[in-house]
Each structure stands twice: as C-alpha cells, then as structure tokens.
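Here is what each chain is made of, one letter per residue.
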Amino acid sequence: MSHINSHIFLISILVLCAVANAWSAEKDWTNSSGDRLWRTADNWSGGVPTSDDKAAIRNSAISGPIIDASTAAEANQVVLGDWASTSDTLDITGGTLAVREWFILGYYNINSGTFTITDGTVNASGNLFVGFYGTGILNMSGGTVTVGSTFGVAQQTGGTGNVHLDGGTISCGSFNMTSGGRLDITAGTLIVNGDARTAINGYIGSGWITAYGGGTVKVDYNVINPGKTTMYAAALS
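From a predicted model like this one, the values you see are computed outputs, not experimental measurements.

Draft legend 1. Quick look at the pairing of strand E8 (residues 135-153). Sheet topology note: the strand E6 (residues 112-124)/E8 ladder contains 10 bridges and is parallel. Residue pairing across strands places asparagine 123 opposite threonine 146, the latter belonging to E8. In the sheet, strand E7 (residues 127-130) pairs with E8 via three bridges, with the strands oriented parallel. Across the sheet, residue phenylalanine 129 finds its bridge partner in E8, namely glycine 152. Looking at chain direction, E8 and strand E9 (residues 160-177) are connected through 15 bridges and run parallel. Across the sheet, valine 153 pairs through a bridge with methionine 177, a residue of E9.

Written as structure tokens, this is what we have:
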C-alpha cells in the first residue's frame, strides 16, 4: 500500500468511526421538561433514544419516564438503576417499547429499578434481567412482554429480583432464576419456549415461585401452547 493510499485508508476509518459514534450514543434520562414522557426530547441528554442508543435511567433524584399510548419507544439497550442511583422507575401505561440488545433492572448491588406495566407492548430481542447484581422489581398487571432470549430473575448470584405477575403475558426464549429471585402469579401468564418443566418445578419446590393467596402454580407443556411451557396460577377451590 502506497504512502498516499495508507493515509486515505486511515482517514476513511476515522470517518467511519465518527459516523458510527454519531449514530450510537448513551442517552441519560433528565426529565428536564417535568412531564415524565419518554417521547419528549428535552427529557433526555441528546434527545429521545433511537434503536442504536443506550437509554440510561439512573438518577433517583428525579421521577422516571412514562411510556404512554402515544409513544413508540426504542433503544439498543436500557438500564433502569445504574451508577450511584439507589432507586429508579419506568412506567408503561400503553404504547410500545422495543429493545434490541438487553434490558436490565438494578445493575449494581446499590441500584434498584422498578418497572411497572399496566398496558402496552414490550419487545426485548435479547435479554431482560429483573435484578442483575442489584435489585429489580417488575410489577405487571396488563400488556405483553416478549423476550427473545433469557428472562432472568436475580440473574447474578447476590442479585435480588421480584416479579409480581398480576395480569398480562410474558413470553421468553428461556427462563432463569437464582436464590434471590421471587415470582408471584395472580392472573398473568408466563410462556417459555421448549420444555422448561424441570427447572420451573424446581423453582416452585424451592418456594421461589408462588401463587397469590396460597393458590396453586400450574405448569403445562405442549397442550396450551404447542412446543412451549405455560405457567399460570389457579385459585384455591
């Protein structure tokens, strides 16, 4: 490669890197407008996150975002509870949230992230972890959550995860819990690809999965949803 061509090659690489950095950014939640709406550009550092960006909600001094029926939210990654923040929230009352890579509630051991879903649709193409090293809380009373890969509750040893499935449907590629995780089901449904009965029955036997009010957790494979494991709660008769 000639001296001139090598310079052209180097300049091309630098330009491509600059373009890539322009496309992808880390957007911090600020709630500067005070309306709490995810779709308001002033509420984020650098504007509303795109599908190439990391959406970071990590300031317990301010109220967390709301995704309402008029919002089509997207991000490459979402972290709810990070850095020095101790308590962060995200509420979905309608609309959609699409996450390409991963979605984490409670990243470090000092962090706590609470995700409340009353309606709307969440599509996480990668993993959704309720409690990574920190504390994650998922309160779901409606809507749908689809996780392409792993739905993990207290994913890392030492993490804490609490899922209150009071309505709606969670579908996932695989399902994982550690001893810091708890899943309580009232009226919702959890659907896992393949036959996950051995793992799920083990979690039930350990007391990690319960049915609200002393009911019974039901686990079905292949009947309700062919090729999938379906978990729901039945009230005491």
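Draft legend 2. Fine view of a nonpolar patch on the surface. Among the surface-exposed residues, Trp83, Tyr108 and Ile110 lie close enough to one another that they form a single nonpolar patch of about 350 Å² accessible area. Mapped onto the fold, tryptophan 83 is located in the loop between strand E4 (72-80) and strand E5 (88-105). On the basis of relative accessible area, tryptophan 83 is assigned to the exposed category, the value being 52%.

Draft legend 3. Just the environment of isoleucine 204, in detail. For isoleucine 204, the position within the fold is in helix H2 (residues 197-205). According to the relative accessible area criterion, isoleucine 204 is partly exposed, its value standing at 25%. Residues isoleucine 204 and leucine 183, spaced 21 residues apart in sequence, show a C-alpha to C-alpha distance of 9.4 Å. If we ignore the near neighbours within four places in the chain, the residues touching isoleucine 204 are Ile209, Val217 and Val219.

Draft legend 4. View of the side chain of aspartate 82. Mapped onto the fold, aspartate 82 is located in the loop between E4 and E5. Polar side-chain contacts of aspartate 82 include one of 3.1 Å to the side chain of arginine 58. Once you skip the residues sitting within four places of it in the chain, aspartate 82 turns out to touch Lys54, Ile57, Arg58, Asp88, Tyr107, Tyr108 and Asn111.

Draft legend 5. Layout of the environment of arginine 100. By the secondary structure assignment, arginine 100 is in strand E5. Residue arginine 100 is classed as partly exposed on the basis of its relative accessible area of 46%. Between the C-alpha atom of arginine 100 and that of serine 125, which follows or precedes it by 25 residues, the distance is 5.1 Å. Excluding residues within four positions of it along the chain, arginine 100 makes contact with Ser51, Asp52, Ala75, Asn76, Ser125 and Gly126. At 3.0 Å, the side chain of arginine 100 and the backbone oxygen of serine 51 are in polar contact.

Draft legend 6. Spatial organisation of the pattern of salt bridges. Per the counting criterion, the structure on display carries nine salt bridges. A salt bridge links arginine 58 to glutamate 26; the nearest nitrogen and oxygen atoms lie 2.5 Å apart. Highlighted residues: arginine 58 in the loop between strand E2 (54-57) and strand E3 (66-67) and glutamate 26 in strand E1 (residues 26-28), separated in sequence by 32 residues. Its relative accessible area of 9% is what places arginine 58 among the buried residues. Judged by its relative accessible area of 39%, glutamate 26 falls in the partly exposed class. Arginine 36 serves as the salt-bridge partner of aspartate 91, at 3.2 Å between the closest nitrogen and oxygen. Pair noted here: aspartate 91 is in strand E5 and arginine 36 is in the loop between E1 and E2, with a separation of 55 residues, a long-range link. Each of Glu26, Asp28, Lys54, Arg58 and Asp82 takes part in one network of salt bridges that share partners.

Draft legend 7. Inspection of the confidence of the model for the protein chain at higher detail. With 89% of its residues at a pLDDT of at least 70, the protein chain reaches an overall mean of 92. Low pLDDT (under 50) marks residues 3-22, which in the prediction has two contacts with non-local residues, meaning those over four places away or in another chain.

Draft legend 8. The arrangement of unusual backbone geometry in detail. Its identity is not glycine, yet asparagine 31 carries a phi of approximately 50 degrees, on the positive side. If you trace the backbone, asparagine 31 turns up in the loop between E1 and E2. Phi is positive for asparagine 222, close to 80 degrees, though the residue is something other than glycine.

Thresholds, definitions, all that
- Residues numbered from 1 in each chain as written.
- Predicted model: local features only at pLDDT ≥ 70, side-chain atom pairs only at ≥ 80, totals over all residues.
- Heavy atoms only, no water.
- Pairing = 2+ DSSP bridges.
- Helix = DSSP H or I, 4+ residues; strand = E, 2+ residues; numbered from the N terminus.
- Patch = residues over 30% accessible without salt bridge, like charges linked within 9 Å, V, L, I, M, F, W, Y side chains within 5 Å.
- Areas by Shrake-Rupley, 256 points an atom, 1.4 Å probe, with all protein chains shown as cover.
- Salt bridge = Lys/Arg side-chain N within 4 Å of Asp/Glu carboxyl O.
- Buried < 20%, exposed > 50% of the residue type's maximum accessible area, 1.4 Å probe, protein only.
- Contact = heavy atoms within 4.5 Å.
- Polar contact = N/O pair within 3.5 Å; in protein donor to acceptor, adjacent residues only side chain to side chain.
- pLDDT = per-residue confidence, 0-100.

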